[in-house]
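The chain contents come next:
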Amino acid sequence: MISRRDLFHSLLGISAASMIGCGPRVIPLQGELLGPDIGLGHRLRDRLSLVPAHADWQEIPVIIVGGGIAGLSAGWRLQQAGFHDFVLLELEDQFGGTSRSGITGSFQYPWAAHYITTPMPENMPLIQLLQEMGVVEDISADGVPVVAEHYLCREPEERIFCDGVWNEGLYPGHGASRDDLQQKSEFDASMSTWAQKRDAQGRRFFSLPIATGSDDSEAIALDNESMLSWMNRQGWTSPRLFWYVEYGCRDDYGLPLDRTSAWAGILYFAARMRTASKDSQDVITWPSGNGHIVQHLTSRLSDQLRSGQLVCQIVPPHNQDEPFGTTVVAYDKQRQQPIGFRADRVIFALPQFLAPHVIQDFSARTGRSTADFQYSSWLVANVHLRGRPQENGFPLCWDNILYGSKSLGYVVSTHQSGNDYGPSVFTWYYPFTDISSMQSREKLLKLGWADWADLVLADLSLAHPDIRSLVTRVDIMRWGHAMIQPYPGFVWGPARKAAAIPDGTIHFANTDLSGIALLEEAFYHGVRAADEVLLARAS
Amino acid sequence: MINRAPLSLLYLNVLAIATCGLIYELLAGTLASYVLGDSVTQFSFVIGVYLSAMGVGAWLSQYILSNLARYFIEIELALALIGGVSAPVLFLAFPWIDWFRPLLFGMVFSIGVLVGLELPLLMRILKEYLDFGDLVSRVLTFDYIGALLASLLFPILFVPYLGLVRTSLLFGMLNALVAWWSTYLLRPLLSSRGLERLRWRAIVVTLLLGVGFFKADQLTTLAEENALGGKIIFTTHSPYQRIAITQKRLGFQLFLNGHLQFNSVDEYRYHEALVHPAMLGNEPPRHVLIMGGGDGLAVRECLKYSSLESLSLVDLDPAMTQLSKKFEPLNRLNHGAFSDPRVKVINEDAFIWIGKPGPQYDAVIIDFPDPGSYSVGKLYTTRFFRLLQKRLKPAALVSVQCTSPLVAPKSYWCIVRTLEATGFHVRPYHAPVPSFGIWGFALASMSEFDSTPLPFDRVQGELRFLTNDVLKGLFELPADLQPMDSEINRLDNQALVHYYDSEWNRSD
Ligand SMILES: Cc1cc2nc3c(=O)[nH]c(=O)nc-3n(C[C@H](O)[C@H](O)[C@H](O)COP(=O)(O)OP(=O)(O)OC[C@H]3O[C@@H](n4cnc5c(N)ncnc54)[C@H](O)[C@@H]3O)c2cc1C
């Protein structure tokens, strides 16, 4: 077994390990270790044994497989186009995938995705969804959406804990040298320049969804090197700047600088700057994070939604024009029986790596390999508190970052509701950016709830020495294969481009088809796949 | 068996216990007059209860027939504990309980009984060694010296330098130490059974009180007292804020997180100016909402209208609204506002409360603290004001306290402009309040309105500051309070907090 100190050292970094001596292992009273249903995963492997009874077959023109943002958005689009003859099958009891949220009493909190940025005028479909939700109240004359005040992240938005005090902002400016600050402003200027760049067709170099941006060779060339090497080439040396940029890469991609494509690294900053004068598009968030969008979409679709359905097999038709020729077999968790669907079209809204496991003869027939699709694993903890912890410096924000820790800090779920006192739930994020340095992935998987809870609290006690006395519950979610990795060469490489092309009657929709994991991308692919299906049915 | 030297030490015991006894009595009397007001009454009651309890103790002493030394030490320990914690317990308990007087007099009575037991027992212990005349004269001499010491040092030394809480704990410790060294002094009279235990108990009591003594900083710090510029007669740390009440020669003052909320000497100017413009401008108001204002002073002004049928007061902190009811001087200042059956107190963050559905009001008084933090700044945002509008009858008037337009003009006009940005018609006005300086307010309504108020005959009860002419004058802005532009305060920019921070820091 790994010692506690070694574990902390490798998972949290130096600063956390150094304080373990004074922190006893105090485990909160309650909590759970959550994660995908492993038993069901095995059923996916043994899918051949599942044959639905004759009475358990249904004919449904369109089946959506997977109820994350991509699948739900596809359903939303179909319904918007007046098409209601579809069913969405989701494995978990809850919809939303990596955008799902939890609720305990009156507290709502995210389980992974927790914000979006205000869409640019280019992203009309998303603006439309947000309008329908009442999040966008108006659209100005130049097409810029006006977001309702209470959905914009409330001030104070973010702070960073550095040298024993909290300071406002994401950049660890406290104690920074003149040179550090100089390099930071050079970096900001450079990002602003990229944000202003337009290609010959007038498209932004960096835009969300990325499909609305440019494929100009100057932009794409950035994808061939790592963010680290690109920054080195700019002559930057400030450790604080590297930390700041790496924070962004870990936050959005779960990757360290040397494994993030420079194109993706710049996208993180430049795609969110609309004009030179404004630093970044405003953050939109809810107590339940992006679970709020999931709630809206599921309430719109309720009739078509089926949860607890593990889709095990999709068999394409011999002849594409054969009505109801595509079969989908799912395992109904509640009835503990397989059920079957015959459909004209299927929207596969699962991550790509599942395609060969679920779609019959996928690799042989399409000649595609999913090996290039690499994913980051994450740990997310929801820490329930009976009161607010003691702290030093700038007051509690929505996003709270610990400089030097390998965690990403925590988001305060009660912030957006204007609730500033008493009990709260802090959502703590941890990307496994360098699992290789851990003894092994298996060992990590063997860690139990108590080990993880200990780790989470050790990290939080760096900034809040009294946090252990306030914790009532720690729930932990292990996300494996949760976030597609934009490592150098992937986003603009051949595998990603090929993956979005329909396989006969099977259409693909998932955020990983963009090479980056964002709501904007999942939504884009959901809408795109729905449009493909609508078009195919029309012809 | 007790030789000569320890005998004189025993007189020191008399001195110590006499001092302690009187100190406890003085503490109780002082504390009661702080929190209940009316010092003559409180002091007489405390002294009366204390003296009669001493008589009870002396009478009870006859039933103690053997083991005198042992009983004496036990009594010292009990006294150390009860006397030592008396002031902190009373301080902490009084805003929370309805039976403060029974608690106070119960404590005074127990202390009196124990003190009444002490001397008779000690005299009976000593009578073996002295003739009766000597005994009485010496013991009484030291008793009176102790009393003299206590009554001189208490006001000169202990109250100003230690405060009531620490004085109480200190003398508890002294009592416990007397118990401890008596186990040595009176050793020949004590059986060895349980002696070690007794000593340990004495040590534990001393240590406990000692810990309390050093932790008492969390109750009142002298530094804070200096900062607030008056003697602190009450403080508490609620989960929301630090509440402190100080006393000066004239009147008392309430501080929240170190910021003055009112001075009893001139608060009527502030509260009359805050409340009456909103209450007078329209039809006689029947349903009124106050947000903030947990001191009940704005409630007092609203209760001067016989048209009032219901008044809801939303204040974050139950400790504050409780205090306004239980702290007698404040309860008297607000005319027992919280005992009026029409008044309903809601302890909730107004930002959360206003977002829920509920009835509409004829008039709203907004008396939040100054926007010095984000958690208060949210209460002055466009979001908050828009939610407020859903709770207003069409012609309702809203008055808002808006910090000082002279010290913090940007902040002041930011509040006015933010109200306007949400569709309110706004009339800025101001009033001089000596403890605060020139103070700023805003009167707002969703309907067009005239700021010339109706005559005052609607007001029942005395107004000390406002007259019709004065009120009209408050809406005249002098040259140094002229309007200016400002950013609009929104949840996602909290512009007001930034203005406020820079303006008040500059003025400090
Ligand atoms: C820790 C973390 C934080 C994130 N934070 C943000 C953020 O703040 N903002 C943001 O925009 N994005 C964030 N993301 C990215 C987020 O993943 C995307 O925004 C989006 O939710 C992806 O949706 P999706 O539908 O493409 O995929 P998924 O969410 O993965 O959806 C796939 C769905 O398919 C289901 N499924 C899987 N197998 C089967 C099967 N065999 N049968 C049936 N159903 C199946 C799954 O249960 C799941 O519901 C975050 C991701 C993670 C992991």
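Just so you know, these numbers come straight off a predicted model, no measurement behind them.

Engineer: Got a minute to help me understand the overall build of chain A in this structure?
Structural biologist: Within chain A, the secondary structure is distributed over 17 helices and 23 strands. In terms of overall size, chain A behaves like a compact globule, its C-alpha atoms giving a radius of gyration of 23 Å where 539 residues would be expected to give roughly 24 Å. In terms of overall dimensions, chain A has C-alpha extents of about 70 × 55 × 45 Å along its principal axes. When burial is assessed residue by residue, chain A has 59% of its 539 residues classed as buried. Nonlocal contacts in chain A, meaning residues at least 24 apart in sequence, comprise 73% of its contacts between residues at least 6 apart. Charge centroids of chain A, computed over 44 positive and 60 negative side chains, lie 4 Å from each other.

Engineer: Looking at this structure, I do not really get unusual backbone geometry. What am I missing?
Structural biologist: Most peptide bonds take the trans form, and the phi angle of most residues other than glycine is negative. Residues and elements named next belong to chain A. In this structure, the amide linkage connecting Glu 155 to the following residue, Pro 156, adopts the cis form with an omega of -5°. Within the fold, Pro 156 resides in the loop between strand E9 (145–147) and strand E10 (158–162). The omega angle of the peptide bond from Leu 208 to Pro 209 is -10°, so this bond is cis rather than trans. You can see Pro 209 is positioned in the loop between helix H6 (178–196) and helix H7 (217–221). Although it is not a glycine, Asp 163 adopts a positive phi angle of roughly 50°. Looking at the element boundaries, Asp 163 is found in the loop between E10 and strand E11 (165–168). Judged by its relative accessible area of 61%, Asp 163 falls in the exposed class. Positioned with a positive phi, Gln 336 is a non-glycine residue whose angle comes to about 55°. Within the fold, Gln 336 resides in the loop between strand E15 (326–332) and strand E16 (337–343).

Engineer: Where do I start with the sheet that holds E10 of chain A in this structure?
Structural biologist: Think of a sheet as strands paired side by side through backbone hydrogen bonds, with each pair either parallel or antiparallel. Residue and element names in this part refer to chain A. With mixed pairing, eight strands are arranged side by side in an open sheet as E1-E22-E18-E21-E20-E19-E10-E11. At either end of the open sheet lies a strand with only one pairing partner, and these are strand E1 (33–34) and E11. Sheet topology places strand E19 (residues 399–402) next to strand E20 (residues 410–412); two bridges connect them, and they run antiparallel. Its bridge partner being in E20, Asn 400 is matched across the sheet by Tyr 410. Helix-sheet contacts for helix H15 (residues 449–461) involve E1, strand E18 (375–385), E19, E20, strand E21 (424–431) and strand E22 (471–484), and the interaxial angle to E22 is about 100°.

Engineer: Just to check I follow, could you spell out the interface of chain A and chain B for this structure?
Structural biologist: Interface extent is often summarised as the accessible area lost during association of the parts. Each partner contributes to the interface: chain A provides 16 residues, whereas chain B provides 19 residues. A buried area of about 1400 Å², summed over both sides, lies between chain A and chain B, and 57% of it is on carbon and sulfur atoms. The interface formed by chain A and chain B includes two salt bridges. Residue Glu 149 of chain A is joined to Arg 386 of chain B by a salt bridge in which the shortest nitrogen-to-oxygen separation is 3.8 Å. On the surface where chain A and chain B come into contact, there are eight residue pairs in polar contact (both at pLDDT 80 or more). Its residues placed into classes, the side of chain A that touches chain B shows seven nonpolar, four polar and five charged.

Engineer: Would you explain the site of the ligand in this entry?
Structural biologist: Residue and element names in this part refer to chain A. The environment of the ligand is made up of 34 residues, and the closest members are Ala 70, Glu 90, Thr 98, Ser 99 and Leu 519. Here an oxygen atom of the ligand and a backbone polar atom of Thr 511 are 2.9 Å apart. When the ligand is considered free in solution it has 990 Å² of accessible area, and contact with the protein chains removes 94% of it. If one sorts the elements of the shell around the ligand by residue count, strand E14 (residues 309–315) sits on top with three residues.

Engineer: Any chance you could explain the packing of helix H2 (residues 39–60) of chain B against helix H4 (residues 100–126) of chain B here in plain terms?
Structural biologist: Between two packed helices, what matters for the description is the angle formed by their axes and the separation of those axes. Residues and elements named next belong to chain B. Two elements in contact, H2 and H4, have axes separated by 6 Å at closest approach and are oriented at 40°. Taken together, H2 and H4 sit at an angle that is classed as oblique. At the point where H2 passes H4, the crossing takes the right-handed sense. Only Phe 105, Val 108, Phe 109, Ile 111, Gly 112, Val 113, Val 115, Gly 116, Leu 117 and Pro 120 of H4 make contact with H2, whose side of the interface consists of Phe 45, Val 46, Val 49, Tyr 50, Ala 53, Met 54, Val 56, Gly 57, Ala 58 and Leu 60. Residues that form the contact of H2 with H4 fall into these classes: 17 nonpolar, three polar and no charged.

Engineer: Even after reading the chapter, I still don't get the pairing of strand E3 (residues 252–256) of chain B, so can you show me in this structure?
Structural biologist: The side chains of a regular strand alternate, first on one face of the sheet and then on the other. All names here are of chain B. Of all five residues that make up E3, five are buried, and the element is covered over most of its length. In the sheet, strand E2 (residues 242–247) pairs with E3 via five bridges, with the strands oriented antiparallel. Opposite Gln 247, over in E3, you have Phe 252 as the bridge partner. With antiparallel pairing between neighbouring strands as the criterion, E2 and E3 make up a hairpin whose turn holds four residues, including Gly 251 at a positive phi of roughly 75°. Strand direction decides the pairing type here: E3 and strand E4 (residues 259–263), joined by four bridges, are antiparallel. Across the sheet, the residue bridging to Leu 256 is His 259, located in E4. Taking the residues that link successive antiparallel strands as the turn, the E3-E4 hairpin has two residues, and the phi of Asn 257 there is positive, at about 50°.

Engineer: So what exactly am I meant to see when it comes to the packing of aromatic side chains here?
Structural biologist: Two aromatic rings are characterised by how far apart their centres lie and by the angle between their planes. The tally for this structure, following the rule as stated, stands at 53 aromatic pairs over all chains. On the numbers, 5.8 Å between centres and 85° between planes, the contact of Tyr 115 of chain A with Trp 398 of chain A is edge-to-face. Of this pair, Tyr 115 of chain A sits in strand E7 (residues 115–117) while Trp 398 of chain A sits in the loop between E18 and E19; the two residues are 283 residues apart in sequence, bridging distant segments of the chain. Among the aromatic residues, those joined into a ring-pair cluster are Tyr 270, Tyr 429, Phe 436, Trp 439, Phe 441, Phe 475, Tyr 500 and Trp 504 of chain B. Against the face of Tyr 171 of chain A rests Lys 184 of chain A, its NZ or CZ located 5.3 Å from the ring centre. Its guanidinium or amino end placed over the ring of Trp 194 of chain A, Lys 197 of chain A lies 5.1 Å from that ring's centre, counting from NZ or CZ.

Calculation criteria
- Residues numbered from 1 in each chain as written.
- Chains lettered and ligands numbered in written order.
- Predicted model: local features only at pLDDT ≥ 70, side-chain atom pairs only at ≥ 80, totals over all residues.
- Heavy atoms only, no water.
- Helix = DSSP H or I, 4+ residues; strand = E, 2+ residues; numbered from the N terminus.
- Rg over C-alpha atoms; globule rule 2.2 N^0.38 Å.
- Buried < 20%, exposed > 50% of the residue type's maximum accessible area, 1.4 Å probe, protein only.
- Contact = heavy atoms within 4.5 Å.
- Lys, Arg positive; Asp, Glu negative; His and termini not counted.
- Charge placed at Lys NZ, Arg CZ, Asp CG, Glu CD.
- Pairing = 2+ DSSP bridges.
- Axes fitted to C-alpha atoms, helices over the stretch in contact; angles between N-to-C directions.
- Buried area = accessible area lost by both parts, 1.4 Å probe.
- Salt bridge = Lys/Arg side-chain N within 4 Å of Asp/Glu carboxyl O.
- Polar contact = N/O pair within 3.5 Å; in protein donor to acceptor, adjacent residues only side chain to side chain.
- Nonpolar A, V, L, I, M, F, W, Y, C, P; charged D, E, K, R; others polar.
- Near = heavy atom within 4 Å.
- Areas by Shrake-Rupley, 256 points an atom, 1.4 Å probe, with all protein chains shown as cover.
- Parallel < 35°, antiparallel > 145°, perpendicular 65-115°, else oblique.
- Left-handed = near helix turned anticlockwise from the far one by under 90°.
- Phe/Tyr/Trp six-rings, centres within 6.5 Å; stacked < 30°, edge-to-face > 60°.
- Lys NZ or Arg CZ within 6 Å of the ring centre and 35° of its normal.

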